[in-house]
Amino acid sequence: MACIDPVVLSCIPKQDCGSQTLQRIARQLQFYKPPKLDREDQKDVGRGPIYAINEQLSACADWRKRKAAVLICLFEGPQGELRVILTKRSMKLLSYPGDVALPGGKMEEGDVDYSATALREAMEEIGLDSSLVQVVANLEPFISMQHLLKVIPVIGLLDRAEDFKPALNIDEVDAVFDVPLDMFLKMDNHKFEEREWMGWMYVVHNFEFLSDQHGVLGIRGLTASILIRAASIIYQQAPCFGQHHLPDFQQLQRTLM
């Protein structure tokens, strides 16, 4: 893990999360504010093809009504490593059957905020009791182009991982598993492909993870982009695979908010 040099943070008082690693993350993210598009970015967007895409998307959806949230649930592994909980979508689903995803879904009328949405969905999908999770931060919005949804990643910490007893909703989820968070900063098992959408070229990230129970699982697209961002923030380290000459949807979505 030569490319990753996590920042050492000062000790903090005991919080809901007993693990020192999780305590450090809670303190680190306590005052996290999603970045804003600066003036230079806005100037470039206004002149380029992304602006045209923004105009077309704005005509297609009212983003205020198309909200969703996903849960980035982190816990400490047996070797002290950070791990994140993922699901394999049910093969019964009409959209993206068998794909790897973070627990989450659309915001419902009774949800008071994005955290409530993410925690409710995690309970419904995999039986994760919200009382076990300490929410510490929301990341900036991501856009699901396929569903025209504004997706907010919610970072939650699971200190007592042994108390989590998965109970899968078999209509939505075929499997639940976990992977090391730092894999989303490494070149190992990372691939990318170039695609075109509405005349705009972009990159789709794809990571392969070998599971003892489920074989090789591909973590790609929106889920991969969200986890790259989360890992970069938590480790305060850019991905080892560097910057491509094309952006992914993370750059595009910053122009849509």
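Residues numbered from 1 in each chain as written. Predicted model: local features only at pLDDT ≥ 70, side-chain atom pairs only at ≥ 80, totals over all residues. Heavy atoms only, no water.

Asker: Run through the overall build of the protein chain, naming residues and quoting values.
Answerer: Check the secondary structure of the protein chain and you find six helices and eleven strands. Here the analysis covers contacts within the protein chain between residues at least 6 apart in sequence; of these, 68% occur between residues at least 24 apart. With the model as given, the accessible surface of the protein chain reaches about 13400 Å², and the carbon-plus-sulfur share is 50%. (Helix = DSSP H or I, 4+ residues; strand = E, 2+ residues; numbered from the N terminus. Contact = heavy atoms within 4.5 Å. Areas by Shrake-Rupley, 256 points an atom, 1.4 Å probe, with all protein chains shown as cover.)

Asker: Which residues make up helix H5 (residues 221-235), and what values go with them?
Answerer: Across its 15 residues, H5 extends 21 Å between first and last C-alpha, which sits within 8% of the 21 Å expected from 1.5 Å per residue. For H5, a buried count of 13 out of 15 residues is recorded, marking the element as mostly surrounded by other parts of the structure. Directly beyond the C-terminal end of H5, a positive phi value near 50 degrees is found at Gln 236. (Expected span 1.5 Å × (residues − 1). Buried < 20%, exposed > 50% of the residue type's maximum accessible area, 1.4 Å probe, protein only.)

Asker: Describe the side chain of Ser 19, and please don't skip the residues or the numbers.
Answerer: Here Ser 19 is to be found in the segment before helix H1 (20-29). With near-sequence residues (within four places) excluded, Ser 19 lies in contact with Glu 76 and Asp 159.

Asker: Any details on the packing of aromatic side chains? Residues and values, ideally.
Answerer: Within this structure, the stated rule accounts for three aromatic pairs. Geometrically, the ring pair formed by Phe 177 and Phe 209 is stacked, given 6.2 Å between the ring centres and 15 degrees between the ring planes. In this pair, Phe 177 sits in strand S8 (residues 173-180) while Phe 209 sits in strand S10 (residues 200-211), placing the two residues 32 residues apart along the sequence. Phe 209 matches Phe 177 in its accessibility class, with the two residues each being buried. Of the aromatic side chains, those joined through ring pairs into one cluster are Phe 184, Phe 207 and Phe 241. (Phe/Tyr/Trp six-rings, centres within 6.5 Å; stacked < 30°, edge-to-face > 60°.)

Asker: Help me get a handle on the nonpolar core, residues and values and all.
Answerer: Grouped together as the largest cluster of nonpolar side chains are 42 residues, with contacts concentrated most on Leu 29, Ile 72, Val 179, Leu 181, Phe 184, Ile 219 and Leu 227. Top element by residues in this core is H5. It accounts for nine residues. Those residues in contact with Leu 29 that lie beyond four places of it in its chain are Val 136, Ala 137, Ile 155, Ile 233 and Ile 234. In terms of nonpolar packing, the next biggest core, distinct from the first, is built from 19 residues, Leu 71, Leu 128, Val 133 and Val 154 among them. (Core = buried A, V, L, I, M, F, W, Y, C linked by side-chain atoms within 4.5 Å.)

Asker: Can you explain the pattern of salt bridges? Please cite residues and give values.
Answerer: This structure, assessed with the given rule, holds twelve salt bridges. For Arg 83, the salt bridge identified is with Asp 178, shortest N-O distance 2.5 Å. Within this pair, whereas Arg 83 is found in strand S2 (residues 82-89), its partner Asp 178 is found in strand S8, the two being separated by 95 residues in sequence. Overall, the relative accessible area of 15% leaves Arg 83 in the buried class. (Salt bridge = Lys/Arg side-chain N within 4 Å of Asp/Glu carboxyl O.)

Asker: Can you explain H1? Please cite residues and give values.
Answerer: Counting buried positions over the ten residues of H1 gives seven, a clear majority of the element. Against the buried residues of H1 lie strand S1 (67-76), S2, strand S5 (133-138), strand S7 (149-158) and H5. The opening residue of H1 is Ser 19, an N-cap whose side-chain oxygen sits 3.2 Å from the backbone nitrogen of Thr 21. (Polar contact = N/O pair within 3.5 Å; in protein donor to acceptor, adjacent residues only side chain to side chain.)

Asker: Describe the environment of Arg 27, naming the residues involved and giving the relevant values.
Answerer: Tracing the backbone through its elements, the reader meets Arg 27 in helix H1. Between the C-alpha atoms of Arg 27 and Val 136, which are 109 residues apart in sequence, the distance is 8.5 Å.

Asker: Residues and numbers for the side chain of Asp 111, please.
Answerer: Mapping Asp 111 onto the fold places it in the loop between strand S4 (104-106) and helix H4 (114-126). Judged by its relative accessible area of 13%, Asp 111 is buried. Among the polar contacts listed, one links the side chain of Asp 111 to the side chain of Thr 117, at a separation of 2.9 Å. If we ignore the near neighbours within four places in the chain, the residues touching Asp 111 are Lys 106, Ala 116, Thr 117 and Arg 120.

Asker: Can you lay out the pairing of S2 for me, pointing to particular residues and giving the numbers?
Answerer: Successive residues of a regular strand alternate their side chains across the two faces of the sheet. The element S2 is extensively covered by neighbouring structure, given that seven of its eight residues are classed as buried. Counting the residues in the hairpin turn of S1 and S2 gives five residues, including Gly 80, whose phi is positive at 85 degrees. Of the pairings in the sheet, the one linking S2 to strand S3 (residues 100-101) comprises two bridges and is antiparallel in character. Each bridged residue has a counterpart across the sheet, and for Thr 87 the counterpart in S3 is Ala 101. (Pairing = 2+ DSSP bridges.)

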